[in-house]
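Here are the chains, one letter per residue:
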Amino acid sequence: MTPATRAFAAEIDAALDRLDVAALEHEYWAQDEFLFIPRFLPPVAVGALLDDVRRLEPGLNRNYVPRHKKGGSVSHYTIADEGPALLACYRSERFRRFLSGLVRADLKLCPDEDPHACALYFYTEPGDHMGYHYDTSCYRGARYTVLLGLVQDSSSRLQCRLHTRQPGRAPVDLAVATEPGALVVFNGDKVYHGVSPAQEGERRVVYTMEYVTSQEMGRVQRLYSNLKDAVAYFGIRALLRGRGRTRARQTRVQSES
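Source: prediction; values computed, not measured.

With respect to the overall build of the protein
Line of reasoning, step 1. Each helix and strand in the protein was counted, giving 8 helices and 12 strands.
Line of reasoning, step 2. By the compact-globule yardstick of 18 Å for 257 residues, the protein fits well, its C-alpha radius of gyration being 18 Å.
Line of reasoning, step 3. Each of the three principal axes of the protein carries a C-alpha extent, and together these read 50 × 40 × 40 Å.
Line of reasoning, step 4. Looking at the protein residue by residue over its 257 residues, the buried ones come to 52%.
Line of reasoning, step 5. Just so you have it, the protein exposes about 12200 Å², and 52% of that area is on carbon and sulfur atoms.
Line of reasoning, step 6. Computed over 34 positive and 31 negative side-chain charges, the inter-centroid distance for the protein is 5 Å.

Let's talk about the nonpolar core
If you look at soluble globular proteins, the nonpolar side chains tend to sit buried side by side.
Line of reasoning, step 1. Membership of the largest hydrophobic core comes to 54 residues, with the highest contact counts inside it found for Phe40, Leu41, Phe95, Leu120, Leu150, Tyr207 and Met209.
Line of reasoning, step 2. Ignoring sequence-local partners within four residues, the contact set of leucine 41 consists of Phe8, Glu11, Ile12, Ala15, Val46, Leu49, Leu148 and Gly181.
Line of reasoning, step 3. Cys160, Val195, Val206 and Phe234 belong to the second largest nonpolar core, which has 17 residues in total.

Details of the packing of helix H1 (residues 3-17) against helix H5 (residues 84-91)
Line of reasoning, step 1. Closest axis-to-axis distance for the H1/H5 pair is 9 Å, and the angle between their directions is 40°. Between H1 and H5, the angle falls in the class oblique. In the packing of H1 onto H5, the handedness of the crossing is right-handed. Residues Thr5, Phe8 and Ile12 of H1 form the contact with H5, whose own contacting residues are Pro84, Ala85, Ala88 and Cys89.
Line of reasoning, step 2. Looking at side-chain class alone, the contact of H1 with H5 contains 6 nonpolar, 1 polar and no charged residues.

Overview of the pattern of salt bridges
Line of reasoning, step 1. All chains considered together, the criterion is met by 17 salt bridges.
Line of reasoning, step 2. Aspartate 112 serves as the salt-bridge partner of arginine 91, at 3.8 Å between the closest nitrogen and oxygen. Residue arginine 91 is located in helix H5, and its partner aspartate 112 is located in the loop between strand E4 (108-109) and strand E5 (118-123); the two are separated by 21 residues in the primary sequence.
Line of reasoning, step 3. The class of arginine 91 is partly exposed, set by a relative accessible area of 39%.
Line of reasoning, step 4. Here aspartate 106 ties to lysine 108 by a salt bridge, and the two come within 3.6 Å at their closest N and O atoms.
Line of reasoning, step 5. According to the relative accessible area criterion, aspartate 106 is exposed, its value standing at 55%.
Line of reasoning, step 6. Several salt bridges share partner residues, and in doing so they unite Arg62, Lys70, Glu125 and Asp128 into one network.

A short note on the environment of valine 53
Line of reasoning, step 1. As for its placement among the helices and strands, valine 53 is situated in helix H3 (residues 43-56).
Line of reasoning, step 2. Counting along the chain gives 153 residues from valine 53 to valine 206, while the straight-line C-alpha distance between them is 9.9 Å.
Line of reasoning, step 3. With near-sequence residues (within four places) excluded, valine 53 lies in contact with Leu120, Phe122, Leu150, Arg203 and Val205.

Thresholds applied
- Residues numbered from 1 in each chain as written.
- Predicted model: local features only at pLDDT ≥ 70, side-chain atom pairs only at ≥ 80, totals over all residues.
- Heavy atoms only, no water.
- Helix = DSSP H or I, 4+ residues; strand = E, 2+ residues; numbered from the N terminus.
- Rg over C-alpha atoms; globule rule 2.2 N^0.38 Å.
- Buried < 20%, exposed > 50% of the residue type's maximum accessible area, 1.4 Å probe, protein only.
- Areas by Shrake-Rupley, 256 points an atom, 1.4 Å probe, with all protein chains shown as cover.
- Lys, Arg positive; Asp, Glu negative; His and termini not counted.
- Charge placed at Lys NZ, Arg CZ, Asp CG, Glu CD.
- Core = buried A, V, L, I, M, F, W, Y, C linked by side-chain atoms within 4.5 Å.
- Contact = heavy atoms within 4.5 Å.
- Axes fitted to C-alpha atoms, helices over the stretch in contact; angles between N-to-C directions.
- Parallel < 35°, antiparallel > 145°, perpendicular 65-115°, else oblique.
- Left-handed = near helix turned anticlockwise from the far one by under 90°.
- Nonpolar A, V, L, I, M, F, W, Y, C, P; charged D, E, K, R; others polar.
- Salt bridge = Lys/Arg side-chain N within 4 Å of Asp/Glu carboxyl O.

Structure follows, in structure tokens:
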């Protein structure tokens, strides 16, 4: 770990120290596994993340899927190679322990070959958006989504509909401005969510981190996940890069056995 990433890790620890964890846990479950913390990270910590964003943005992959999404994205593979502060945030053991306590599950990092493990999403052109959806997990266990706001110079909003799968509860709609340093945590199988369209000259950037209760995924689910990622998010080159990481991991496991 470099001095810069150590300093960033200290900022994460300090941010966690400031939280009223018991109150946040109550709020998360009262909202059917959704939590919004408006000011989680201070500006100095966000600045370190934005340094990574500026370095990574030129290589983003843009895509458009009619009636579903339009925008730019940078995969976990690129972040792992060139985004030290972003990666340190995702891999922070103390941050993961906080999330595990919040959702009452033993959360793990996604496997290295998952391009969605952590990713940057850019809503920086007119019409960039994400349609409403659930984050149906391809893993054998549950998957939880964590969003960290980085840039919010935009009318684009994270749109969430809570309580959609709670019998007898009326759904609640939220429009969340993910300002720099804001944190959102939710169970994507329960929260129906999307992103409203960006307008001309607007800019919104968000960092997404995924945590799972099991790192196992069946072959059919892996094929579906890979095809979805290649078409709708990160491009064919990212898919090939992921296959290389899978082969490297298998070789490493074989050599250690």
